[in-house]
Amino acid sequence: MPQVPLNLYLELSAVLFIIGVIGFLLRRNPITMLMAIELMWNAGNLAFIAFARNFIDMSGQVFAFLVITVAAAEAAIALAIVVMVFRRRENADVDDISVMRG
Amino acid sequence: MADFFLGAVPLILLFPLVGAATIALFGPYVQRSASAFIGCLSIGLSFLLTVGTSFVIFPLSPAQQTLYTHSKFVGYWAHLPPDLIIGFRLLIDPLSLLWMLIITGVGLLIHVYSVSYMASDKNYRTFFAYMNLFVFTMLLLVMADNFLWLLVGWGGVGLASYLLIGFYYDRPVAVLAARKALIMNVIGDVGIMLAMFLMYAHVGSVSYQNVFGHVATIGTSALTWIGVWLLLGAVAKSAQLPLQTWLPDAMEGPTPVSALIHAATMVTAGVYLIARAHPIYDNAPAAAELVAVVGGVTALFAATIGCVQYDIKRVLAYSTMSQIGYMMLAVGAGAFAAGAFHFMTHAFFKALLFMSAGIVIHALGGEQDIRKMGGLATRLPFAYWTFLVGAVAIAGIFPFAGFFSKDAIIDAVLKLHHPYLFVFTVVAAGLTAFYMFRLVFLTFLTGAYRGDHEVHAETERTMTVPVAILAVLSLIGGWIVLPHHDELSFLLRSTFADAPFPQSMADFNGWLSFGVLLIALAGIAFAWVAYQWRPQIAAALHRSLGGVHALLTNAYYFDTIYHWLFEWPVLALAQWLRDAFEVDAVDALPALALRAGAYFGSLSNRWETGYLRRYGLTFVVGAALLLFIYLFVAHGATAGAAP
């Protein structure tokens, strides 16, 4: 079976990351934005795992697990915030909740 | 027995310190009476040991006394350059023993007196802790065998005096008086330090033994300066001109404090210092002359002020100042034994006067103005008779103590050729008799009681017994020096062995004593005429001598002069610096920093929009920029630099 070259994994990772960035910048629904952030996390994870596979180095896979746990924690906190915002306001458009500026 | 007392000498010093520490640490956990008991017990034990030591030291021959003088080695003063080794030794010689006997003996009586005098005070325990601390520092002052430890004690008594003058700390006047006393005493401390620097520069040591052993090598001019700086210390501590203004204000402290610190012991430390440093003054006649002049002028100066004051304690304070003037005059003229003698008798009768006055003040609920007294002789007979004994003693009436000691000084001044100062002392003797009996008449006699306080009876045994003992001592204390039989200068002979003038007071000038006695009686008679027999005479004198009266009432305006000369310029400078310098210069710099911070803050503030997606965009653009720099600029630069 021909091995998929590293480049293709990295290109896929980059594409996923850019999609995530664009989603984060263009969408105004906080939940969609969180999903875009997840996409960026996992683009990074994909690159880690590809490198780990390529160089036969398990630390890349370990790091991917770490990223998954951090991402889960981050999502939990962010969703909690979003829920609180929903309770205080009818909609949850991020452009409307700019009251916390310095 | 002798070895026991000589070995126990450090305990004399230690008991009051332990007493003060015990009361301070455990006072709040025990009964009030326990603090008082500890306070009296520690002084009592010190007194017993001092008496025992006296019985060992005084009978020795002068040669043996000098052996014991420097034998009590306790330890070194650490952290000093190796060529300046200052041992902490205790000096037990006749002069320090005399002072120790008075400090612990009169101190014990005053502590016992305080047990009921201070009974109703809320800071009863603190009082006894401070009093014990005072006795400790005062003993340290007289038992030190070098100027450094003397200065430690010197500063310590200043501290204790400050604490006790400001004892009623909820009275602003008392706090101000305490501050004034401390500042003036610190001026004196600086004087002693300057003297010590000179000693170290010339002798390389500040111990009495080394300095006094090398006075011949120092040179007259340096010796004179040492004497002058020591005199500055003595003047500040003993309330002599021109640093006298703190003593009348110090009467804000409780009456036992006035009796112990500001009459019997601390204020005589200056006399002790001059007597102790007599080898310096013997070889620096100009400095000794200055001491005599300061003492003589103060004796007369304070006596005149005492004639017009109305606060019973202030009159006694000016009287103290005047009597210490006599002592300073004596030690300045070279009659050291006479000065020490007057110190001893003065401690008896002035403590007696203060404590009798304290009974009156106590009975009147704190009233000190003699215009609101009068006719108290029948209501407070004990206070009247004891005060009368004190007044007779200080006026110098035969056979009370003051007669002998004051005559010894006046006699010595005449013999040692100070004609002007002799006149001063004689006039001051008359004035002393006058103002003391003015006090007696206005307080205890002259018709009916003028005050509005209820007069409480004098019953407490702890107050009356010490006063009675002092009254007896005021009578018999002078008999230690009788014509042709001078016990005191014999006891002190080893300390003053090298004095240039004979110290014996046995050579009695009968005609002079009789003359001074007549002058004192004239003073009493005038007080009787002006205040008892024909009160209108006193009133007429007030009217016709209004200017003089105002001058004396305001103590020659010394406070006003010092205010405009020293206090006002400093305050004005501070006010000017506050208005001009602080606002424009000191405050401007932080204000500038504040404005700069606010400006840069407002710049970065624009970034802070609160729009999450804009933050994201900033983030992405930044990351892209960094990536671009890393990939093309930085990498390209390294690649270009590489061969």
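Residues numbered from 1 in each chain as written. Chains lettered and ligands numbered in written order. Predicted model: local features only at pLDDT ≥ 70, side-chain atom pairs only at ≥ 80, totals over all residues. Heavy atoms only, no water.

1. A few points about the domain arrangement of chain B
Let me state the cut-off plainly: Boundaries between domains were set according to an automatic or database domain assignment.
With domains assigned, chain B is organised as domain 1 (355-553) and domain 2 (561-641). Inter-centroid distance (C-alpha atoms) of domain 1 of chain B to domain 2 of chain B is 74 Å.

2. A word on the nonpolar core
Where a protein is soluble and globular, its nonpolar side chains tend to be buried together. Operational definition: Only buried Ala, Val, Leu, Ile, Met, Phe, Trp, Tyr and Cys residues count toward a nonpolar core, and they belong to the same one when joined by side-chain atoms within 4.5 Å. A 1.4 Å probe rolled over the protein chains alone gives each residue an accessible area, and that area as a share of the maximum for its type sets the label: buried under 20%, exposed over 50%, partly exposed in between. A run of DSSP states H or I qualifies as a helix once it reaches four residues; a run of E qualifies as a strand once it reaches two. Both are numbered from the N-terminal end. A contact between two residues is defined here by any heavy atoms of the two lying within 4.5 Å.
Phe147, Leu230 and Phe437 of chain B are the most contacted members of the largest nonpolar core, which has 223 residues in total. Ranked by residue count, the leading element in this core is helix H18 (residues 336-363) of chain B, at 20 residues. Dropping the residues within four chain positions of it, Phe147 of chain B is found in contact with Met196, Met199, Val206, Tyr208, Phe212, Leu230, Leu273 and Ala277 of chain B. Ranked by size, the runner-up nonpolar core spans seven residues in total, among them Val21, Phe24, Leu25 and Met33 of chain A.

3. Some thoughts on helix H22 (residues 461-476) of chain B
Residue and element names in this part refer to chain B. What counts, and what does not: A helix is expected to reach a length of 1.5 Å times the quantity of its residues less one. Relevant arc is that of directions from the helix axis to the C-beta atoms, nothing else.
For H22, built from 16 residues, the straight-helix expectation of 22 Å at 1.5 Å per residue is met to within 8% by its first-to-last C-alpha distance of 23 Å. Those residues of H22 not exposed but buried are Met463, Thr464, Pro466, Val467, Leu470, Ala471 and Ser474. Down the axis of H22, the buried set is contained in an arc of 165°. They therefore lie on one face. Buried residues along H22 sit in contact with helix H5 (94-117), H18, helix H19 (381-395) and helix H20 (401-415).

4. Some remarks on the side chain of Ser356 of chain B
Residue and element names in this part refer to chain B. One can find Ser356 in helix H18. The buried category is assigned to Ser356, whose relative accessible area is 0%. Excluding residues that lie within four positions of it along the chain, Ser356 makes contacts with Ala383, Thr386, Phe387 and Val467.

5. Examining the pattern of salt bridges
All names here are of chain B. Operational definition: Definition used for salt bridges: Asp or Glu carboxyl oxygen within 4 Å of a side-chain nitrogen of Lys or Arg.
As enumerated under the stated definition, the model contains nine salt bridges over all chains in all. The partner of Arg276 in a salt bridge is Asp93, and the shortest N-O contact between them spans 2.8 Å. Of the two residues, Arg276 sits in helix H14 (residues 269-276) while Asp93 sits in the loop between strand E2 (87-90) and H5, which places them 183 residues apart along the sequence. When sorted by exposure, Arg276 lands in the same class as Asp93, which is buried. Its salt-bridge partner being Asp369, residue Arg371 comes within 3.1 Å of it at the nearest N-O pair. On the basis of relative accessible area, Arg371 is assigned to the partly exposed category, the value being 45%. When its relative accessible area of 17% is taken as the criterion, Asp369 is described as buried. When salt bridges that share partners are traced, they join Lys180, Asp249, Arg314 and Asp559 into one network.

6. Overview of the interface of chain B and chain A
As a reminder, the rule being used: What counts as buried area is the accessible surface, traced by a 1.4 Å probe, that two parts surrender upon association, with contributions from both included. Identification of polar contacts relies on pairs of N or O atoms within 3.5 Å, with a donor-acceptor requirement for protein atoms, meaning one able to donate a hydrogen and the other able to accept it, and with residues adjacent in sequence counted only if both atoms are side-chain atoms. For this classification, Asp, Glu, Lys and Arg are treated as charged, while Ala, Val, Leu, Ile, Met, Phe, Trp, Tyr, Cys and Pro are nonpolar and the rest, including Gly, are polar.
With 10 residues of chain B at the contact, the number on the chain A side is 13 residues. Surface buried jointly by chain B and chain A totals about 960 Å² across both partners, of which 65% is contributed by carbon and sulfur atoms. Counting across the chain B and chain A interface gives zero salt bridges. Run the count over chain B and chain A and you get zero residue pairs in polar contact (both at pLDDT 80 or more). Tallying contributions element by element places helix H29 (residues 612-641) of chain B first for the side of chain B that touches chain A, with five residues. Across the side of chain B that touches chain A, the residue classes break down as four nonpolar, four polar and two charged.

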